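The primary structure of each chain is shown beneath.
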Amino acid sequence: MWLVKGIEIYYRLDLSFLGVYPRHIESLKGIITMPFIHADIKHLFSNSVPLLILGAVLIYFYKELALRVFLLIYFLHGTWLWLGGRENYHIGASGIVYGLSSFLFFSGIFRRDTRLIAISLLVVFLYGGLIWGMFPDFMGPSISWEAHLYGAVAGLLCAFVYRKEGPQRKQYDWETEEDNDEEIILIEGEPPAESEPPSQSVNINYDYKPTNDPEDIEQTKPNT
């Protein structure tokens, strides 16, 4: 973005025709080129700083999703702007800034992760005032509030679609522990009689032979 603005200034060019002009076929290229074009240095600075900060947060906390989320916000908000924006040239990367802010905010809420919710609160603290940029009554005629709105909706959509991917809230054992205790049912009345194993009769036979000989006595002890 800074390189493009430097080329504009150096060669005294006006590249605003590379923005999005809604519902004009020749302006479809603006979906790709629009975020690189800015009206002046102030406009460029106001977009590039939050884009750098929010992009770094996105990559750090959502490394696996960062590229997909960024590209979806990039193309979704540009396409919607081409379909539903005012007939005028729309330039700048503010739609992407709104998209990243929206994604980081709602993603923390959907995941219910303490760390990510803290990021959501930080985004609100730093860029909470951006919300007014989505309403035409608070913006001047030269501000593309449509790009802001479509960017925010694209970020919300990405946060919902990818809510089960990337970083997840830590699950504690007490949250997932299943109750394996067996249910004990008490029935009034006498308990059933326990069945006893059948008794086995044992027959003992004695063979007795009177004798006075100690050896014979020892040999004729009864066998069981």
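Quick summary incoming for the structure in this document. Within every chain, residues take consecutive numbers counted from 1 along the sequence as written. pLDDT decides what is reported in this predicted model: residues at 70 or higher carry local features, side-chain atom pairs at 80 or more are listed and counted, and totals for whole chains, interfaces and linings draw on all residues regardless. The side-chain quantities take in all heavy atoms of the structure and omit both hydrogens and water.

## Concerning the environment of phenylalanine 106
Only runs of H or I of at least four residues qualify as helices and only runs of E of at least two qualify as strands under DSSP, and these elements are numbered from the N terminus. Relative to the assigned elements, phenylalanine 106 resides in helix H5 (residues 94-111). Accessible area is worked out with a 1.4 Å probe on protein chains only. A residue is then buried under 20% of its type maximum, exposed over 50%, and partly exposed in between. With a relative accessible area of 28%, phenylalanine 106 lands in the partly exposed category. Along the primary structure phenylalanine 106 and arginine 163 are separated by 57 residues, whereas in three dimensions their C-alpha atoms are 9.2 Å apart. Beyond its immediate chain neighbours, meaning those up to four positions away, phenylalanine 106 contacts Leu156 and Ala159. Contacts are residue-level and defined by heavy atoms, with any inter-residue pair within 4.5 Å sufficient.

## A closer look at the packing of aromatic side chains
Aromatic rings from Phe, Tyr and Trp, with only the six-membered ring used for Trp, were paired whenever their centres fell within 6.5 Å, and each pair was classed as stacked if the ring planes differed by under 30 degrees, edge-to-face if by over 60, and tilted otherwise. One pass over the structure, following the stated rule, counts ten aromatic pairs. Taking the centre distance of 4.9 Å and the plane angle of 75 degrees together, the rings of tyrosine 60 and phenylalanine 61 count as edge-to-face. Since its relative accessible area comes to 66%, tyrosine 60 is described here as exposed. The interplanar angle of 80 degrees and the centroid separation of 5.0 Å between the aromatic rings of phenylalanine 105 and phenylalanine 106 together place this pair among those described as edge-to-face. A residue is classified by how much of its surface remains accessible, and phenylalanine 105, at 25% relative accessible area, is partly exposed. Among the aromatic residues, those joined into a ring-pair cluster are Phe105, Phe106, Phe110 and Phe160. Whether a charge lies above a ring is judged from NZ of Lys or CZ of Arg, which has to be within 6 Å of the ring centre and within 35 degrees of the ring normal. Against the face of phenylalanine 160 rests arginine 163, its NZ or CZ located 4.1 Å from the ring centre.

## Overview of the packing of helix H4 (residues 66-84) against helix H7 (residues 145-161)
Every axis in this analysis is a line fitted to C-alpha atoms, fitted for helices over the stretch in contact. Angles between the N-to-C directions lie between 0 and 180 degrees. Relative orientation of the contacting elements H4 and H7 amounts to 140 degrees, with a least axis distance of 8 Å. If you check the angle between H4 and H7, you find them oblique. For the pair H4 and H7, the sense of crossing is right-handed. For the pair formed by H4 and H7, the contact residues are Val69, Leu72, Ile73, Leu76, His77, Trp80, Leu81 and Gly84 on the first element and Glu146, Ala147, Tyr150, Gly151, Val153, Ala154, Gly155, Leu157 and Cys158 on the second. Tallied by class, the residues present in the contact of H4 with H7 amount to twelve nonpolar, four polar and one charged. For this classification, under 35 degrees means roughly parallel, over 145 means roughly antiparallel, 65 to 115 means roughly perpendicular, and everything else is oblique. Note: crossing handedness is left-handed where the near helix turns anticlockwise from the far helix by less than a right angle, and right-handed where it turns clockwise. Each residue is assigned to one class: nonpolar for Ala, Val, Leu, Ile, Met, Phe, Trp, Tyr, Cys and Pro, charged for Asp, Glu, Lys and Arg, and polar for all the others, Gly among them.

## So, the nonpolar core
To form a nonpolar core, buried Ala, Val, Leu, Ile, Met, Phe, Trp, Tyr and Cys residues must be joined to one another through side-chain atoms within 4.5 Å. Ranked by internal contacts, the top residues of the largest apolar core, which has 23 residues, are Leu58, Val69, Phe103 and Leu104. Mapped onto this core, the elements with two or more residues apiece are helix H3 (41-61), H4, H5, helix H6 (114-127) and H7. The leading source of residues in this core is H5, at five residues. In this view, leucine 58 contacts Lys63, Ala66, Val69, Leu100, Phe103 and Leu104; residues no more than four positions away in its chain are not counted.

## With respect to the environment of methionine 134
Checked against the element boundaries, methionine 134 lands in the loop between H6 and H7. A residue is classified by how much of its surface remains accessible, and methionine 134, at 16% relative accessible area, is buried. Residues methionine 134 and tyrosine 98, 36 residues apart in the sequence, show an inter-C-alpha distance of 9.1 Å. Apart from residues lying up to four places away in sequence, methionine 134 is in contact with Tyr98, Trp145, His148, Leu149 and Ala152.

## Quick word on a nonpolar patch on the surface
Patch members must show over 30% relative accessible area and no salt bridge, and they are joined within 9 Å when carrying like charges or within 5 Å when they are nonpolar side chains of Val, Leu, Ile, Met, Phe, Trp or Tyr. Where accessible areas are quoted, they stem from the Shrake-Rupley method and a 1.4 Å probe; at the residue level, only the protein chains shown are allowed to cover. By convention in these notes, a salt bridge is any Lys or Arg side-chain nitrogen within 4 Å of a carboxyl oxygen on Asp or Glu. On the surface, Trp2, Ile9, Ile41, Phe45, Val49, Leu52 and Ile53 cluster together into a nonpolar patch covering about 680 Å² of accessible area. Listing elements by their share of the nonpolar patch, those giving two or more residues are helix H1 (2-11) and H3. Residue contributions to the nonpolar patch peak at five residues, all from H3. Within the secondary structure, leucine 52 is located in helix H3.

## Points about the pattern of salt bridges
For the structure on display, the rule yields four salt bridges. Arginine 86 is the salt-bridge partner of glutamate 146, the closest N and O atoms lying 2.7 Å from each other. One end of the pair, glutamate 146, is in helix H7; the other, arginine 86, is in the loop between H4 and H5, with 60 residues separating them in the sequence. Relative accessible area serves as the criterion here: at 2%, glutamate 146 is assigned to the buried category. Look at arginine 86 and you get partly exposed, because its relative accessible area is 33%.

## Comments concerning the packing of H5 against H7
Angle between the axes and distance between the axes: these two values describe a pair of packed helices. Put simply, H5 and H7 touch, their axes get as near as 7 Å, and they point 30 degrees apart. As for how H5 packs across H7, the hand of that crossing is right-handed. Across from Ser94, Gly95, Tyr98, Gly99, Ser102, Phe103, Phe106, Ser107 and Phe110 in H5, the residues of H7 making contact are Ala147, His148, Gly151, Ala152, Gly155, Leu156, Cys158, Ala159 and Phe160. When the residues that make up the contact of H5 with H7 are grouped by side-chain class, the tally is ten nonpolar, eight polar and no charged.

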